[in-house]
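Fold and contact review
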Amino acid sequence: MHEERKSQLTAVAIIGRSHASEFRTLVRQIQNSRDLVVVGQFDTIKEAVDAGLAERILANVVVVLQAFSDEYSAADAGQLIGRMLFGRVLCCYGPWCISEGRTHDIWPVVARVSVGSAWSVLEQEVSNIRAGVPALLPMAAAEEVFVHRAAVGSVRYPGSNDAILIISDDRVLRETTAEMLRHAATQVFECGTSLNQLQSVSKKLIAANAAHCKVSVLLDIDGLESRESELLAMIRTRFSTSRLLRLSSFPQSIADNGTYDQIIDKLEVNTQLAPGRI
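The present account deals with the structure reproduced in this document. (Residues numbered from 1 in each chain as written. Predicted model: local features only at pLDDT ≥ 70, side-chain atom pairs only at ≥ 80, totals over all residues. Heavy atoms only, no water.)

Quick look at helix 10 (residues 228–238) now. Every buried residue belonging to helix 10 is among Leu231, Leu232, Met234 and Ile235, and all of these are buried. An end-on view of helix 10 places all buried positions within 165° of arc, on one side of the element. Away from the buried face of helix 10 by more than 90 degrees, exposed residues Ser229, Arg236 and Thr237 are located. (Buried < 20%, exposed > 50% of the residue type's maximum accessible area, 1.4 Å probe, protein only. Helix = DSSP H or I, 4+ residues; strand = E, 2+ residues; numbered from the N terminus. Arc of directions from axis to C-beta.)

Our focus in this paragraph is the sheet that holds strand 2 (residues 36–42). Taken together, five strands build an open sheet; the order of strands is 2-1-3-4-5 and the sheet is parallel. Single-partner strands in this sheet number two, and they are strand 2 and strand 5 (112–114). Recorded for the sheet is a direction-independent mean angle of 25° between the axes of neighbouring strands. Against the sheet, helix 6 (residues 115–131) contacts strand 1 (10–16), strand 2, strand 3 (61–66), strand 4 (88–93) and strand 5, and its axis sits at roughly 125° relative to strand 5. (Pairing = 2+ DSSP bridges. Axes fitted to C-alpha atoms, helices over the stretch in contact; angles between N-to-C directions. Contact = heavy atoms within 4.5 Å.)

Next up on the list: the nonpolar core. Counting 21 residues, the largest nonpolar core has Ile15, Leu53, Val62, Val64, Leu80 and Trp107 as its most contacted members. Looking at this core, the elements with two or more residues in it are strand 1, helix 3 (45–50), strand 3, helix 4 (74–83) and strand 4. Discounting chain neighbours no more than four positions away, the residues touching Leu80 are Ile15, Ile45, Leu53, Val62, Val64, Val89 and Trp107. Counting residues in each nonpolar core, the second largest holds 20 residues, with Val27, Ile30, Cys92 and Val121 among its members. (Core = buried A, V, L, I, M, F, W, Y, C linked by side-chain atoms within 4.5 Å.)

This brings us to the environment of Ala140. On the secondary structure map, Ala140 appears in the loop between helix 6 and helix 7 (142–150). Here Ala140 falls in the buried class, since its relative accessible area comes to 9%. Separated by 30 residues in the primary sequence, Ala140 and Val110 place their C-alpha atoms 6.3 Å from one another. In this structure, Ala140 is in contact with Val109 and Val145, ignoring residues within four places of it in sequence.

Counting across every chain of the model gives 12 salt bridges. Glu71 is paired through a salt bridge with Arg17; the nearest N and O atoms lie 2.9 Å apart. Placement of Glu71 in the loop between strand 3 and helix 4 and of Arg17 in the loop between strand 1 and helix 2 (24–32) is noted, with a sequence separation of 54 residues between them. The exposure class of Glu71 is buried, given its relative accessible area of 18%. Of the residues examined, Arg17 reaches a relative accessible area of 45% and is grouped as partly exposed. Between Arg246 and Asp222 there is a salt bridge whose closest N-O contact spans 3.2 Å. With Arg246 in strand 9 (residues 241–248) and Asp222 in the loop between strand 8 (215–220) and helix 10, this residue pair connects regions lying 24 residues apart in the sequence. Ionic contacts of the salt-bridge type, sharing partners, join the residues Asp220, Asp222, Glu225, Arg246 and Lys266 into one network. (Salt bridge = Lys/Arg side-chain N within 4 Å of Asp/Glu carboxyl O.)

Turning our eyes to something else, we now look at helix 9 (residues 195–207). Structural remark: α-helix, 3.6 residues per turn; residues separated by three or four positions point the same way. A rise of 1.5 Å per residue sets the reference length of helix 9, with its 13 residues, at 18 Å; its end C-alpha atoms lie 18 Å apart and thus fit the reference within 8%. Those residues of helix 9 lying buried are Leu198, Val201, Ser202 and Leu205. When helix 9 is viewed along its axis, its buried side chains cluster within an angular range of 110° and face the same direction. When the buried face of helix 9 is taken as reference, the exposed residues oriented beyond 90 degrees from it are Asn196, Lys203 and Ala207. Note on helix 9: the residue one or two positions beyond its end, Asn209, has a positive phi of about 60°. (Expected span 1.5 Å × (residues − 1).)

Below, the discussion takes up the pairing of strand 3. Of all six residues in strand 3, six are buried, a share of seventy percent or more. Along strand 3, one buried face is formed by Val61, Val63 and Leu65 and the opposite face, lined by Val62, Val64 and Gln66, is buried too. Examined bridge by bridge, strand 1 and strand 3 share five bridges and lie parallel to one another. Paired with Gly16 across the two strands is Leu65, which belongs to strand 3. Relative to strand 4, strand 3 runs parallel, the two being bridged by six bridges.

What follows deals with the packing of helix 2 against helix 6. Viewed as axis vectors pointing N to C, helix 2 and helix 6 meet at an angle of 15°, and their least axial separation amounts to 9 Å. By the angle class used here, helix 2 and helix 6 are roughly parallel. The element helix 2 and its partner helix 6 pack so that their crossing is right-handed. In this structure, helix 2 uses Leu26, Gln29 and Ile30 to contact helix 6, whose residues at the interface are Val115, Ala118, Trp119 and Leu122. Per-class residue counts for the contact of helix 2 with helix 6 are six nonpolar, one polar and no charged. (Parallel < 35°, antiparallel > 145°, perpendicular 65-115°, else oblique. Left-handed = near helix turned anticlockwise from the far one by under 90°. Nonpolar A, V, L, I, M, F, W, Y, C, P; charged D, E, K, R; others polar.)

Structure (structure tokens):
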């Protein structure tokens, strides 16, 4: 019975500074999970390769902990990804590496995930492995990764909101996010940041009897920070919001001063909007 149970577990290898403060919670979650078994912990990629990772030591998922930029060389990252070509590699980066995907070219976008979203993404990959869903290849584009991580069953989000409003000038982002969250609310609305569009969607909410119900607003104003006060004033005037959430490509750069109930990475909307957070 013990061997049968062990064969059902997902094998995970961990590489990096597992005792660093920003990674302790994630490492503890992995170690304590009833669905995972840690088959190896290594300080560096070289140590993992020398130990026979993906040869003698077989892992379904390799979790790499990255505390700072250039902690791993492109050659080491490439070697690890090559060994795990049809497996999963998740490079979980801390707050000092938030912009690395735009300024460095070491890890492919399919491998990068913020440490704040890492556990949710890992849980999803475990579900994918059990369901026979293949891993994305290293050359997958950011849009493919976004859709892949958004493909989570509606059971995760109980319909606790009367309405959700997504405000963004990025049409693809707001329409994709709206589609993702349709199971989380009775009604989902989306619009751009112009005053005319906000007035128009306000009329739609009023017509739907949702303007003064339990509304959650997801606001994307990257590049429009000078309009933040104006937009927040209109949102608070027109919508009796239960929650106000900020979408951003640079969540670590936004001060947590109480203005927003939650600050969310745009590329990880689905994983960071955990049950009960909207």
